[in-house]
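Coordinate analysis (summary)
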Amino acid sequence: MELWDIYDENEKKTERTMRRVDWQMKPGEYHLTVLGVLQKTDGRYLITKRKADKEWAPGKWEVSGGGVLAGETSLQAVIREVGEETGIAVTNARGGYVFSYKREKSKEKNNYFLDIYKFVLDFDLSDVKIQEEEVAACRLASKEEIEALAKQGEFLHYD
C-alpha cells in the first residue's frame, strides 16, 4: 500500500499520512506531487503520452511526475518519477526546483501542492525507456508544439 504524507496549507508536513488516491482530504490538508520537465540542450522538451486506460486524463500528453511518497522529499520523488517513467537519470543534470503551486479541489477532496522541476541535459530519444504500465508514447517537442497541444486541451498542467 502506497502512503503519502499530508501537508498543511504552507506545504509543511503534518504527522499524518494518507493512502494513495484515498480522496478524503479535509479543508487545509494537501498531498504533494511533482513534475519533472526534461529539456534537451537543443531546446526541445521530452513529453510523454498517458496510456489510454489511465483513470485520469487518458491519452493526454504531459511531462513526467507523480505523487511524493511518505518520507520522501519532492526532489527525491521527481528523480524517482522521471527515472521510472523515462529511464533518464537527472541527478547530474543542470537545473532543479523552479516553483510550486497549490490546487484546492474541495468537491473532490483532493487538495495538492505541485512542485515543478526543470532539468537540462543532453540525451537522445533512443535513450528513453518508457514505463509501459503508465506511458503509451514519448516524443520531443518545441515550446510552440507544447503550447499548441495545450490550446487543444491535449497537454496537462500547462497553466
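Here the structure is a predicted model, which means the values were calculated and not measured.

On to the overall build of the chain, then. When its secondary structure is counted, the chain shows two helices and nine strands. Each helix and strand of the chain, placed in order from N terminus to C terminus, yields the pattern β-β-β-β-β-β-α-β-β-β-α. Taking 2.2 N^0.38 as the reference for a compact globule, 159 residues should give roughly 15 Å; the C-alpha atoms of the chain span a radius of gyration of 16 Å, in line with that estimate. Going through the 159 residues of the chain one by one, you find that 44% of them count as buried. When contacts within the chain are restricted to residue pairs at least 6 apart in sequence, those whose partners lie at least 24 apart make up 61%. Accessible surface, the chain: about 8,900 Å² in total, of which carbon and sulfur atoms supply 48%. Taking the average place of the 25 positive charges on the side chains of the chain and the average place of its 30 negative ones, the gap between the two points comes to 3 Å.

In this structure, Leu 38, Ile 88, Val 90, Phe 119, Leu 121 and Phe 123 are the most contacted members of the largest nonpolar core, which totals 20 residues. Once residues within four sequence positions are removed from consideration, Ile 88 is found in contact with Leu 38, Val 82, Gly 83, Leu 121, Phe 123, Asp 127 and Val 128. Val 37, Ile 47, Ile 146 and Ala 150 belong to the second-largest nonpolar core, a separate cluster that totals 15 residues.

Attention shifts here to unusual backbone geometry. At Glu 11, a position not held by glycine, the phi torsion is positive, near 60 degrees. Along the chain, the position of Glu 11 falls in the loop between β1 (3-7) and β2 (13-19). Take Glu 11: its relative accessible area is 23%, and that puts it in the partly exposed class. Phi is positive for Ala 57, close to 55 degrees, though the residue is something other than glycine. Mapping Ala 57 onto the fold places it in the loop between β4 (45-50) and β5 (61-62).

Regarding helix α2 (residues 143-151), the residues found buried are Ile 146, Leu 149 and Ala 150. The buried residues of α2 all sit within an arc of 100 degrees when viewed along its axis, so they share a single face. Turned more than 90 degrees off the buried face of α2, the exposed positions are Glu 144 and Lys 151. Here the buried face of α2 lies against β4, β5 and β9 (135-141). A positive backbone phi angle near 80 degrees is found at Gly 153, which sits one or two residues after α2.

How each quantity is defined
Residues numbered from 1 in each chain as written. Predicted model: local features only at pLDDT ≥ 70, side-chain atom pairs only at ≥ 80, totals over all residues. Heavy atoms only, no water. Helix = DSSP H or I, 4+ residues; strand = E, 2+ residues; numbered from the N terminus. Rg over C-alpha atoms; globule rule 2.2 N^0.38 Å. Buried < 20%, exposed > 50% of the residue type's maximum accessible area, 1.4 Å probe, protein only. Contact = heavy atoms within 4.5 Å. Areas by Shrake-Rupley, 256 points an atom, 1.4 Å probe, with all protein chains shown as cover. Lys, Arg positive; Asp, Glu negative; His and termini not counted. Charge placed at Lys NZ, Arg CZ, Asp CG, Glu CD. Core = buried A, V, L, I, M, F, W, Y, C linked by side-chain atoms within 4.5 Å. Arc of directions from axis to C-beta.

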